[in-house]
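Chain and residue survey
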Amino acid sequence: MKVVITGATGFVGSQMVPRFEKLGYELLLVGRDVGKLKRMYPLNTVCDYSDMSKCADRFDVLLHLAAQNNDKSVDLSEFETANIGFLLEVGENAIRAGIPHFINL
């Protein structure tokens, strides 16, 4: 299975990526900080959001874990931008890449 994961450097992502690796899934890890992704996951393909639709061609599913969590002090508009606006942007990129399944956690 070929899986695109956003938010791989977060708590949930850091728990899931090793499990998917053990299952032999081909992973594309997408984030804002490509350097951090490469340091954490040197054996996986990584890219930033601007390249996602190019890199994710023919992947089976996008698992969207990236979010603004409520453990940080941000105002409502920042929270909505991160968790609604950004979600829609990632979804549009998934459509452009032809990814047939999108899971938002």
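Predicted model, so just to flag it, every value in this text is computed and none were measured. (Residues numbered from 1 in each chain as written. Predicted model: local features only at pLDDT ≥ 70, side-chain atom pairs only at ≥ 80, totals over all residues. Heavy atoms only, no water.)

**Quick word on the side chain of asparagine 93**
As a reminder, the rule being used: Secondary structure follows DSSP: runs of H or I at least 4 residues long count as helices, runs of E at least 2 residues long count as strands, and numbering of each begins at the N terminus. Throughout, a contact is declared for two residues whenever any of their heavy atoms are within 4.5 Å.
Position of asparagine 93 relative to the elements: it lies in helix 4 (residues 76–97). Residues contacting asparagine 93, with those up to four places away along its chain left out, are Tyr49, Met52 and Ser53.

**Section: the nonpolar core**
Which entries qualify depends on this criterion: Nonpolar cores are built from buried Ala, Val, Leu, Ile, Met, Phe, Trp, Tyr and Cys residues. Side-chain atoms within 4.5 Å join them into one set. Relative accessibility decides the category of a residue: with a 1.4 Å probe and only protein chains considered, values under 20% of the type maximum give buried, values over 50% give exposed, and everything between is partly exposed.
Among the nonpolar cores identified, the biggest contains 15 residues, and Val4, Leu28, Val30, Met52, Ala56, Leu62 and Ile99 are the most heavily contacted of them. If you list the elements that add at least two residues to this core, you get strand 2 (26–30) and helix 4. If you tally residues by element for this core, the top one is helix 4, at four residues. Not counting residues within four places of it along the chain, the set of residues in contact with leucine 62 comprises Val4, Thr6, Met52, Val90, Ala94, Ile99, His101, Phe102 and Ile103.

**A few points about helix 1 (residues 11–22)**
Note the cut-off: The arc in question is traced by the directions running from the helix axis to the C-beta atoms.
Within the sequence span of helix 1, burial applies to Gly13, Val17 and Phe20. Down the axis of helix 1, the buried side of the element spans an arc of 70°, and every buried residue falls inside it. Residues of helix 1 that are exposed and angled more than 90 degrees away from the buried face: Phe11, Arg19 and Lys22. Residues of helix 1 that are buried sit in contact with strand 1 (2–6), strand 2 and strand 4 (61–64). The positive-phi residue at the C-terminal boundary of helix 1 is glycine 24, with phi of around 85°.

**Brief notes about the sheet that holds strand 2**
Using the following cut-off: Pairing between strands is defined by DSSP: at least two bridges between the two strands are required. Helix axes use the C-alpha atoms of the stretch in contact, all axes being lines fitted to C-alpha atoms, and the angles between their N-to-C directions lie in the range 0 to 180 degrees.
Judged by pairing direction, the sheet is parallel, and its five strands sit side by side in the order 3-2-1-4-5 without closing on themselves. The outermost strands of the open sheet, each flanked by one partner alone, are strand 3 (45–47) and strand 5 (101–104). Averaged over all adjacent pairs, the angle separating strand axes in this sheet is 20°, with direction ignored. Seen against the sheet, helix 1 touches strand 1, strand 2 and strand 4 and runs at an angle of roughly 155° to strand 2.

**Focus: the pattern of salt bridges**
Our working definition: By convention in these notes, a salt bridge is any Lys or Arg side-chain nitrogen within 4 Å of a carboxyl oxygen on Asp or Glu.
Summed over all chains, the structure comprises two salt bridges. Between aspartate 51 and lysine 54 there is a salt bridge; the shortest N-O distance is 3.4 Å. Using a relative accessible area of 30% as the deciding quantity, one classes aspartate 51 as partly exposed. The salt bridge involving arginine 58 is made with aspartate 57; its shortest N-O contact spans 3.5 Å. Residue classification places aspartate 57 among the partly exposed residues on the basis of a relative accessible area of 36%.

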